[in-house]
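Okay, here's what each chain looks like letter by letter:
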Amino acid sequence: MNQSFYIGAVGAQQQQRHMAVRGNNIANVNTYGFKAEKSRFEALMYRDMRGITKDLPAGVGTRMFMTSTDFNPGGVATTNRFTDYMIEGDGFFAVVDLATNDVTYTRSGGFSIAELEEDTGAVDENGDPIMETVQYLSDGEGRFVLSTEGGLIRVEDHESMLPVGIFDFNNYNGMEHVGDTKFRNIEKNGDLYIGTGRLVQGALELSNADLAEEVTKVIEAQRAYGMALRMVQVSDEIETTINGLRG
């Protein structure tokens with residue numbers, strides 16, 4: 001089979017993946033705390049690529065081998081809501097799922113209040129425990145915000161600043177993207193420590209996705225996709241012509 005056929009087919013498939021990354025960035029241009037992803041490509045000059053039925057031979061174009069996250073800060077949106085927070089500088093907010101104890105990290109500080117039923121330690125006349133409803137700071141998606149000490153943040157005063165924790169890592173490379181705005185750390189990110197960023201109440205961090213850049217990259221990917229498909233078409237025409245000459 002003509003090598004150019006493989007180059008065109010691989011190129012079209014990889015540009016589809018590239019457009020999906022850029023499309024997700026565009027979809028989250030107005031998502032608070034969103035961090036844009038960038039596609040990273042490598043040449044297949046010295047590496048085989050797993051195909052549907054067999055490995056494609058080395059030298060068949062390029063592939064998107066990973067995406068990297070741009071952790072540069074976004075702009076500032078003032079909301080004046082007492083449950084909204086942003087970090088000025090480095091660091092993340094930490095939120096925990098009480099059902100699984102899974103902790104994830106985010107720059108999106110659009111928090112809300114969630115209620116939990118807690119045992120007061122007292123019992124009623126029938127010997128049943130007396131429960132009370134307690135308000136805690138939540139991310140609005142079933143997870144609870146952690147304080148600097150690592151505990152849940154009880155909300156008793158709806159005006160003063162809450163002790164929202166800021167946490168950080170030495171290295172952000174490879175952090176796992178969970179949903180649109182949350183991240184999960186991996187081993188190479190290093191140990192968790194208290195962040196040096198400054199907590200700001202009544203404001204949110206905007207998405208750092210640049211719409212102009214993303215649209216430009218989508219147009220580039222669309223044109224590259226069209227050229228790759230054209231290469232497949234021409235390769236097919238060449239093979240058809242050669243097979244016709246053999247007859």
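Preceding this section is the structure that the text describes.
Explanation requested: the pattern of salt bridges in the structure shown.
Using the criterion set out here, one finds 16 salt bridges in the structure. Its salt-bridge partner being Arg22, residue Glu214 comes within 3.1 Å of it at the nearest N-O pair. Here the residue Glu214 occupies a position in helix H2 (residues 211-246), and Arg22 occupies one in helix H1 (residues 3-27), the gap between them amounting to 192 residues. Overall, the relative accessible area of 5% leaves Arg22 in the buried class. In this structure, a network of salt bridges that share partners links the residues Arg22, Lys38, Glu213 and Glu214.

Whenever I open this one, the side chain of Lys38 confuses me. Can you help?
Relative to the helices and strands, Lys38 resides in strand S1 (residues 37-43). For Lys38, a relative accessible area of 14% corresponds to the buried category. Residues contacting Lys38, with those up to four places away along its chain left out, are Arg22, Met66, Thr67, Ser68, Asp70, Glu213 and Glu214.

Please explain the nonpolar core as it appears in this structure.
Generally speaking, soluble globular proteins have nonpolar side chains that are buried together. Ranked by internal contacts, the top residues of the largest apolar core, which has 14 residues, are Tyr85, Phe93, Phe111, Leu137, Val145, Leu162 and Val164. Secondary structure elements with two or more residues in this core: strand S6 (85-88) and strand S7 (93-97). One finds Ala94, Val96, Tyr105 and Leu146 within the second-largest nonpolar core, a separate group that totals 13 residues.

Quick notes on the rules
- Residues numbered from 1 in each chain as written.
- Predicted model: local features only at pLDDT ≥ 70, side-chain atom pairs only at ≥ 80, totals over all residues.
- Heavy atoms only, no water.
- Salt bridge = Lys/Arg side-chain N within 4 Å of Asp/Glu carboxyl O.
- Helix = DSSP H or I, 4+ residues; strand = E, 2+ residues; numbered from the N terminus.
- Buried < 20%, exposed > 50% of the residue type's maximum accessible area, 1.4 Å probe, protein only.
- Contact = heavy atoms within 4.5 Å.
- Core = buried A, V, L, I, M, F, W, Y, C linked by side-chain atoms within 4.5 Å.

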